[in-house]
Amino acid sequence: MERVVLLRSLSCSTACMRFLSLKPRSSWKTASTPLTQQLLISPRNRGLPLACGSRMRWVSTSRYAFQHKRGFSVSPQAIATPSKQASSGIDGSHDIAHELGFEKVSEQLIEECKSKAILYKHKKTGAEVISVVNDDENKVFGIVFRTPPKDSTGIPHILEHSVLCGSRKYPLKEPFVELLKGSLHTFLNAFTYPDRTCYPVASTNTKDFYNLVDVYLDAVFFPKCIEDYQTFQQEGWHYELNNPEEEISLKGVVFNEMKGVYSQPDNIMGRISQQVMFPDNTYGVDSGGDPKVIPKLTFEEFKEFHRKYYHPSNSKIWFYGDDDPNERLRTISVYLDQFDASSAPYESKVVPQKLFPKPVKVVEKYPAGDTGDLKKKHMVSLNWLLSEEPLDLETELALGFLDHLMLGTPASPLRKTLLESGLGDALIGGGIEDELLQPQFSVGLKGVAEEDVRKVEDLIIQTLEELANKGFDVEAIEASMNTIEFSLRENNTGSFPRGLSLMLRSIGKWIYDMDPFEPLKYEKPLNDLKARIAEEGSKAVFSPLIQKFILDNPHRVTIEMQPDTEKASRDEADEKESLEKVKASMTEEDLAELARATQELRLKQETPDPPEVLKCVPSLSLHDIPKHPIHVPIEIGEINGVKVLQHELFTNDVLYAEVVFDMCLVKQELLPLIPLFCQSLLEMGTKDMDFVQLNQLIGRKTGGISIYPFTSSIRGKVEPCSRIIVRAKSMAARVDDLFNLVNTVLQDVQFTDQQRFKQFVCQSKARMESRLRGSGHGIAAARMDAKLNTAGWIAEQMGGISYLQFLETLEKQVDQDWSAISCSLEDIRRSLLSRKGCLINLTADGKNLSNSEKHVSKFLDLLPATSSLETTSWKAQLYLGNEALVIPTQVNYVGKAGNLYDTGYQLNGSTYVISMYIGNTWLWDRVRVSGGAYGGFCDFDTHSGVFSYLSYRDPNLLKTLDIYDGTANFLRELELDEDTLTKAIIGTIGDVDGYQLPDAKGYSSMLRYLLGITEEERQKRHEEILSTSLKDFHDFADVVDVVKHKGVVVAVASEDDVTAANEERPGFFQVKKVL
Ligand SMILES: [Zn+2]
């Protein structure tokens, strides 16, 4: 069973996020270890709604939360559920609205999110505004423009990056970065979709919130970039020439970001499927930008695109939360009133794609490494455009439900059949997608042998036919229904503001001029659907859908992708050749001019904004900041000799439970088996139930169970914290079932299914390979961590390169010696399961907490009192020098790390401020802005003392290392005025002690308990942050210099760049070819 997350709305995924929150999640807050953040490439990697569509989510939960997460795509999900009914709070607002130039179009009470929502139209420009009033303190604002591109030059994406680089009222280089540094935002980003661009912000502090809104409004309507060619060059593309003798190179943040995207086979597949499916409208091109086409974009076209589409008439504006609704209208009217109506809304309309008369098949190449069996590296996906017209809500909901039934869990028949067929390693395609004008359905496999491509196609069709003929089990229907309902009512959007998740739901219809409120109201259509299923039977509901929209639908596109080991170097050679041509066509004067322009751009990028300009970005003062960290209630008790932590918080009748076991008795050689052990527990079945039944039972009775390892150093201790965490949740009335099921999973599951286990191994391998290409910085970070401390070493065994190598051997071993593996899995279970070393963590309201105790007690009774095994000790063995992990890629991931505690450094809260500042200024300016990488950041793991630098989608290698090494000097020479320092402090507080939903609060509190972080320490760090001074920055220079002198380097990079680096610095890298 998987954790079902409310993904659809979370999957802004669809979008290119301008900025990945690669910020250090400083550790004493969530206490989740810092490199915890895994850039999970969603399995719904269909790229489809993929603007620059890296469907990436930055997940900051557990260190190795690799579970395959999948959302169901019921249309109207993700609904906020604040605790109380919103007070109307809008009396008299209509007169005010009228005075401010707005006309009320409609007003609705939305029970599902206990909100009142009003749709206004700005009379002068036609801008539409939705104002959602409720008592959610996490306020959200967003402005969205319809921005359909005509080609793949990436205009919408480059514009999305560029408008945040200074505006009329805020004429500094990057107000966006100033906000990142100095506000209490709970969300700050921008997304490019295939047909729209979206600018959302959120904060719980009202003053901060309106500061953010004003900066964003000024940015979109009055950006400097439309007059500033250099911003276009920096964010889009430009030629770089340091001196006329050298070769010309191509640079640009979006250019490199998209090179990274085009290095990932899953992404390429998603893009091609979309483009082939929509040859006649805007979805047939890439709004994110194709690196081959981006350099064709001119500044004139760029400016014109802004003029045309970033206009109030073409905008949709969203407000949500507990702030004064009149203030919202006042704020935006100031901006809107400066414009007259334009014809943009007509020009930006998306024209529907006509359905094909017959299916289409396309074969493409993707860049592959030459390791492994190339014959088994084909990918194939089947894609359908479901309809020419947008669908009604009921049909959409039913299709979403169908999607979950077919693909949502490991027990779902289409998913199960494909994976069990042995024809491929892992699933691709996103299932039903309904975020664009017309819905689509996609499914396929990767890791397919050349001769099996056709078989995959046939199997998909055949399985769909069977499902249409036979229908689904009653248990499956019940499980999907409960899972979907649970998610809707729980409305757990994770670290994503609820109001934003609602906005993205709503905008999915609103952007096409359909009813924006409809997607928010799921209760009635869901009940209607349930009633229909009850009356007519599920087959009558779902079979016609499969038949009509998929099987009988001629608009089917089959994409086969073939591995091509030459492609990466061919692309590189092509680029080189065209640059040589460019150079050859230039006169000496031209070259001198280009070198001068390169200099000038770099100088501009590296010159900080003057303090008086920086001051114009509004900020809070230290008085606005709470004097204490956010309090999470915790009661520490004991049941049957086991420590039980209880957090009394309002959770809307849901009980969140964690059961934690100590990993310290697991034998060293079994550590890499742990992730597969966890997966086996949930996906293998017991003596009485096969895994399908077990999965359905979990789906019917609970809100989900997940199991994963967690490791971290503990500050001041040699022994690391290494645990297995079982996370589970259910409605309070089903707590008995919940603990019974957790017990079943832990104790009754049998490790006997060799074939299923083989599938897990193949899937894990495929997933690790994707991670290497898509988030190589995570792999590099894990590798460096492994060289520097035990916790890191354990984690790398379970999720780094070591793990990938282990999987390669294991794949063969499953066939040769399955019984030994099965015994090892039993061995792990015996090492873990005991009351000794167990911990229970519960989060719910008081009544439900006390009701749970008897169930916990019963659960603990069933566990062995102690484990019979001897204590074991682990010995890390890993090459300690610099390593380059070579993969076929156009961009690199470069890391360097060292341990600050080795120098005797004592932790102080100021370090949070300083490391965040280094990331947001020095590294942002040098690695991203002038280096042209998509990201550059640093991270300080306060538990282990490891300080690491990392870059993301980086065209450079050694040059980036030099920047890292320059950090200490940057700090030594740093001058900070009061205002900048205050912003840095506020930004840090917002980052380390941010807004969390109740389950996350309870979870973080548990991690703090495990890592020995007391409330006194939190208070102390909070005060240290608030009192950080310039002297702290200067003093830290010597501390961080240890990374320069004693640090270790790991890069995930292309062969050419590594060879060049080793030529320049002989013997610098030990080279390891991993893909
Ligand atoms: Zn981007």
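Residues numbered from 1 in each chain as written. Predicted model: local features only at pLDDT ≥ 70, side-chain atom pairs only at ≥ 80, totals over all residues. Heavy atoms only, no water.

- Quoted verbatim from the Subcellular location (unreviewed entry) heading of the UniProt record, the comment on the chain is "Mitochondrion".
- The heading Cofactor (unreviewed entry) in the UniProt record of the chain holds the text "Zn(2+)". (UniProt positions renumbered as here; feature names shortened; annotations may be inferred.)

### Some points on the sheet that holds strand S25 (residues 883-886)
Then, number 1: Taking strand neighbours across the sheet as the criterion, the 6 strands line up as S27-S28-S26-S29-S25-S30 in an open arrangement whose pairing is mixed. Looking at strand neighbours, the two that pair on one side only are strand S27 (935-940) and strand S30 (1070-1073), the edges of this open sheet. The sheet shows a mean angle of 15° between the axes of neighbouring strands, taken without regard to direction.
Then, number 2: As judged from the 4 bridges shared by S25 and S30, these two strands associate in the parallel manner. Paired with Ala-884 across the bridge in S30 is Val-1071. (Pairing = 2+ DSSP bridges. Helix = DSSP H or I, 4+ residues; strand = E, 2+ residues; numbered from the N terminus. Axes fitted to C-alpha atoms, helices over the stretch in contact; angles between N-to-C directions.)

### A word on the pattern of salt bridges
Then, number 1: Under the defined criterion, the tally for this structure stands at 75 salt bridges.
Then, number 2: Put simply, Lys-169 and Asp-214 hold a salt bridge, and the shortest N to O gap is 2.6 Å. One end of the pair, Lys-169, is in the loop between helix H4 (155-162) and helix H5 (175-182); the other, Asp-214, is in helix H6 (residues 206-221), with 45 residues separating them in the sequence.
Then, number 3: The class of Asp-214 is buried, set by a relative accessible area of 13%. (Salt bridge = Lys/Arg side-chain N within 4 Å of Asp/Glu carboxyl O. Buried < 20%, exposed > 50% of the residue type's maximum accessible area, 1.4 Å probe, protein only.)

### Observations regarding helix H31 (residues 846-861)
Then, number 1: The terminal C-alpha atoms of H31 lie 23 Å apart, and with 16 residues this matches the ideal 22 Å at 1.5 Å per residue to within 8%.
Then, number 2: Approximately 30° is the largest bend angle found in H31, and it occurs at Glu-853.
Then, number 3: Taken together, the buried positions of H31 are occupied by Asn-848, Leu-849, Ser-852, His-855, Val-856, Ser-857, Phe-859 and Leu-860.
Then, number 4: Looking at the buried positions of H31, the neighbouring elements they touch are strand S19 (635-639), strand S20 (642-648), strand S21 (654-662), helix H25 (735-748) and strand S24 (839-844). (Expected span 1.5 Å × (residues − 1). Bend = angle between axes of the 7 residues up to and from the residue. Contact = heavy atoms within 4.5 Å.)

### Concerning the nonpolar core
Then, number 1: Ranked by size, the top nonpolar core spans 88 residues in total, and within it Met-663, Phe-757 and Ile-840 carry the most contacts.
Then, number 2: Not counting residues up to four positions away in its chain, the partners in contact with Met-663 are Leu-671, Ile-674, Pro-709, Thr-711, Ser-722, Arg-723, Ile-724, Ile-794, Met-798, Leu-832 and Trp-874.
Then, number 3: Core analysis: the second largest hydrophobic core is formed by 69 residues, Leu-159, Phe-209, Val-213 and Cys-225 among them. (Core = buried A, V, L, I, M, F, W, Y, C linked by side-chain atoms within 4.5 Å.)

### Examining the pairing of strand S29 (residues 1048-1053)
Then, number 1: For S29, a buried count of 6 out of 6 residues is recorded, marking the element as mostly surrounded by other parts of the structure.
Then, number 2: Taking every second residue as pointing to the same face, both faces of S29 are buried, with Val-1048, Val-1050 and Val-1052 on one and Val-1049, Ala-1051 and Ala-1053 on the other.
Then, number 3: In this structure, S25 lies alongside S29, joined through 4 bridges in parallel fashion. Paired with Val-886 across the bridge in S29 is Ala-1053.
Then, number 4: In terms of strand pairing, strand S26 (residues 893-899) meets S29 through 5 bridges, oriented antiparallel. Within the sheet, the bridge partner assigned to Gly-895 lies in S29 and is Val-1050.

### Description of the packing of H5 against helix H35 (residues 978-992)
Then, number 1: Across the interface, H5 lies against H35 with an axial gap of 5 Å and an inter-helix angle of 65°. Relative to H35, H5 is oriented roughly perpendicular. In this structure, H5 uses Glu-178, Leu-180, Lys-181 and Gly-182 to contact H35, whose residues at the interface are Lys-983, Ala-984, Ile-986, Gly-987 and Thr-988.
Then, number 2: Residues that form the contact of H5 with H35 fall into these classes: 3 nonpolar, 3 polar and 3 charged. (Parallel < 35°, antiparallel > 145°, perpendicular 65-115°, else oblique. Nonpolar A, V, L, I, M, F, W, Y, C, P; charged D, E, K, R; others polar.)

### Some remarks on the domain arrangement of the chain
Then, number 1: Domain boundaries in the chain define domain 1 (630-665 + 685-750 + 834-866), domain 2 (751-829) and domain 3 (883-1073).
Then, number 2: Each of domain 2 and domain 3 was reduced to a C-alpha centroid, and the two centroids are 27 Å apart.
Then, number 3: In this assembly, 17 residues from domain 2 lie in contact with 23 residues from domain 3.
Then, number 4: Here domain 2 and domain 3 share an interface that buries about 1,600 Å² over both sides, 71% of which is from carbon and sulfur atoms.
Then, number 5: Between the two partners, domain 2 and domain 3, sit 2 salt bridges.
Then, number 6: A salt bridge links Glu-883 to Arg-783; the shortest N-O distance between them is 2.8 Å.
Then, number 7: Taken together, the connections running from domain 2 to domain 3 amount to 4 residue pairs in polar contact (both at pLDDT 80 or more).
Then, number 8: Listing elements by their share of the side of domain 2 that touches domain 3, those giving two or more residues are helix H26 (754-774), helix H27 (776-788) and helix H29 (801-816).
Then, number 9: For the side of domain 2 that touches domain 3, the element with the highest residue contribution is H27, accounting for 10 residues.
Then, number 10: Classifying every residue of the side of domain 2 that touches domain 3 by side-chain character gives 7 nonpolar, 6 polar and 4 charged. (Domains from an automatic or database assignment. Buried area = accessible area lost by both parts, 1.4 Å probe. Polar contact = N/O pair within 3.5 Å; in protein donor to acceptor, adjacent residues only side chain to side chain.)

### Considering the environment of Ile-674
Then, number 1: Note that Ile-674 resides in helix H23 (residues 674-683).
Then, number 2: Expressed as a C-alpha distance, the spacing of Ile-674 and Tyr-708, which sit 34 residues apart in the sequence, is 8.2 Å.
Then, number 3: Dropping the residues within four chain positions of it, Ile-674 is found in contact with Met-663, Val-666, Pro-709, Ile-724, Met-798 and Ile-828.

### Structural notes on the sheet that holds S20
Then, number 1: If you trace the 6 strands from one edge of the open sheet to the other, you get S19-S20-S24-S21-S23-S22, paired in mixed fashion. Two strands bound the open sheet, and with one partner strand each, they are S19 and strand S22 (704-712). Between one strand axis and the next, the sheet turns through 20° on average, direction left out of account.
Then, number 2: Bridge count for S19 against S20 is 5 bridges, and the pairing is antiparallel. Note on S20: the bridge partner recorded for Ile-636 is Leu-645.
Then, number 3: Helix H16 (residues 474-490) contacts S21 and strand S23 (721-731) of the sheet and is inclined by roughly 95° relative to S23.

### Observations concerning unusual backbone geometry
Then, number 1: Phi at Asn-652 takes a positive value of approximately 60°, unusual for a residue other than glycine.
Then, number 2: Of note, Asn-652 is situated in the loop between S20 and S21.
Then, number 3: A positive phi is found at Asp-653, a non-glycine position, where the angle reads about 75°.
Then, number 4: A residue is classified by how much of its surface remains accessible, and Asp-653, at 36% relative accessible area, is partly exposed.

### Some words on the side chain of Thr-147
Then, number 1: Following the sequence through the fold, Thr-147 ends up in the loop between strand S7 (139-146) and H4.
Then, number 2: A polar contact of 2.8 Å, which involves the side chain of Thr-147, links it to the side chain of Thr-197.
Then, number 3: The contact partners of Thr-147, leaving out residues within four places of it in the chain, are Pro-156, Pro-194, Asp-195, Arg-196, Thr-197, Phe-305, Tyr-309 and Tyr-310.

### So, the packing of H23 against helix H24 (residues 691-701)
Then, number 1: At a minimum axis distance of 8 Å, the contact between H23 and H24 shows a crossing angle of 85°. Classified by the angle between their axes, H23 and H24 sit roughly perpendicular to one another. In this structure, H23 contributes Leu-681, Leu-682 and Glu-683 to the contact, and H24 contributes Phe-691, Leu-694, Asn-695 and Ile-698.
Then, number 2: For the contact of H23 with H24, the residue count by class is 5 nonpolar, 1 polar and 1 charged.

### What about the environment of Pro-611?
Then, number 1: Tracing the sequence through the fold places Pro-611 in helix H22 (residues 611-614).
Then, number 2: Between the alpha carbons of Pro-611 and Glu-247 there is a distance of 37 Å; along the sequence they are 364 residues apart.

### Quick look at a nonpolar patch on the surface
Then, number 1: A grouping of Ile-634, Ile-636 and Tyr-1009 is seen on the molecular surface, where their side chains present a nonpolar patch of about 240 Å² in accessible area.
Then, number 2: Tracing the chain through its elements places Tyr-1009 in helix H36 (residues 998-1010). (Patch = residues over 30% accessible without salt bridge, like charges linked within 9 Å, V, L, I, M, F, W, Y side chains within 5 Å. Areas by Shrake-Rupley, 256 points an atom, 1.4 Å probe, with all protein chains shown as cover.)

### Focus on helix H20 (residues 567-584)
Then, number 1: Here H20 spans 25 Å end to end across 18 residues, near enough to the 26 Å set by a 1.5 Å rise per residue.
Then, number 2: Among the residues making up H20, those that are buried are Lys-567, Ala-568, Asp-571, Leu-579, Val-582 and Lys-583. Looking straight down H20, one finds that the buried residues subtend no more than 160° of arc, so they occupy a single side. Turned more than 90 degrees off the buried face of H20, the exposed positions are Lys-581 and Ala-584.
Then, number 3: Where H20 is buried, its residues meet strand S11 (238-240), strand S12 (249-251), strand S14 (360-367), strand S18 (556-564) and helix H21 (588-606). (Arc of directions from axis to C-beta.)

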